[in-house]
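# Residue-level structure breakdown
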Amino acid sequence: MSQEIESQVLEFVESRHKKGETTASRHVHIRFDTEIENAEQILQKLAQNGMISKKYDEQYQEDRYSSN
């Protein structure tokens with residue numbers, strides 16, 4: 001995983017957060033044309049580093065991420 005793609009994903013999550021939206025791995029998968037597993041790894045890494053927050057969405061039954 002490159003630092004560049006992580007920075008781009010972080011910017012994407014922050015942009016969606018400013019619009020009042022959360023981000024799921026499927027959004028990153030679609031936007032960056034990457035495997036869903038890769039999108040999940042990037043989001044989890046950003047969350048573990050405290051750059052974004054992770055929350056489980058009962059309605060969509062998936063993890064959602066937002067800017068801190």
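In this report, the structure presented in the accompanying data block is examined.

Cut-off values and rules
- Residues numbered from 1 in each chain as written.
- Predicted model: local features only at pLDDT ≥ 70, side-chain atom pairs only at ≥ 80, totals over all residues.
- Heavy atoms only, no water.
- Buried < 20%, exposed > 50% of the residue type's maximum accessible area, 1.4 Å probe, protein only.
- Helix = DSSP H or I, 4+ residues; strand = E, 2+ residues; numbered from the N terminus.
- Arc of directions from axis to C-beta.
- Contact = heavy atoms within 4.5 Å.
- Pairing = 2+ DSSP bridges.
- Salt bridge = Lys/Arg side-chain N within 4 Å of Asp/Glu carboxyl O.

### Structural notes on helix α2 (residues 25-32)
Along α2, the positions that sit buried rather than exposed are Ser25, His27, Val28 and Phe32. For α2, the angular spread of buried residues about the axis comes to 155°, placing them on one side. Where α2 is buried, its residues touch α1 (3-18), α3 (36-48) and β2 (62-67). Directly beyond the C-terminal end of α2, a positive phi value near 50° is found at Asp33.

### With respect to the pairing of β2
In terms of burial, β2 is a largely internal element, 5 of the 6 residues being buried. Pairing between strand β1 (residues 52-57) and β2: 6 bridges, direction antiparallel. Following the sheet pairing, Ile52 is matched in β2 by Ser67.

### Observations concerning the pattern of salt bridges
Side chains carrying opposite charge are able to pair once their charged atoms draw close together. For the structure on display, the rule yields 5 salt bridges. The residue Glu62 makes a salt bridge to Arg26 at a minimum N-O spacing of 3.1 Å. Separated by 36 residues along the polypeptide, Glu62 in strand β2 and Arg26 in helix α2 bring together distant segments of the chain. Using a relative accessible area of 16% as the deciding quantity, one classes Glu62 as buried. Residue class for Arg26 comes out partly exposed when judged on its relative accessible area of 32%. Between Glu62 and Arg64 there is a salt bridge, with the nearest N and O atoms lying 2.6 Å from each other. Given a relative accessible area of 10%, Arg64 falls into the buried group. Each of Arg26, Glu62 and Arg64 takes part in one network of salt bridges that share partners.

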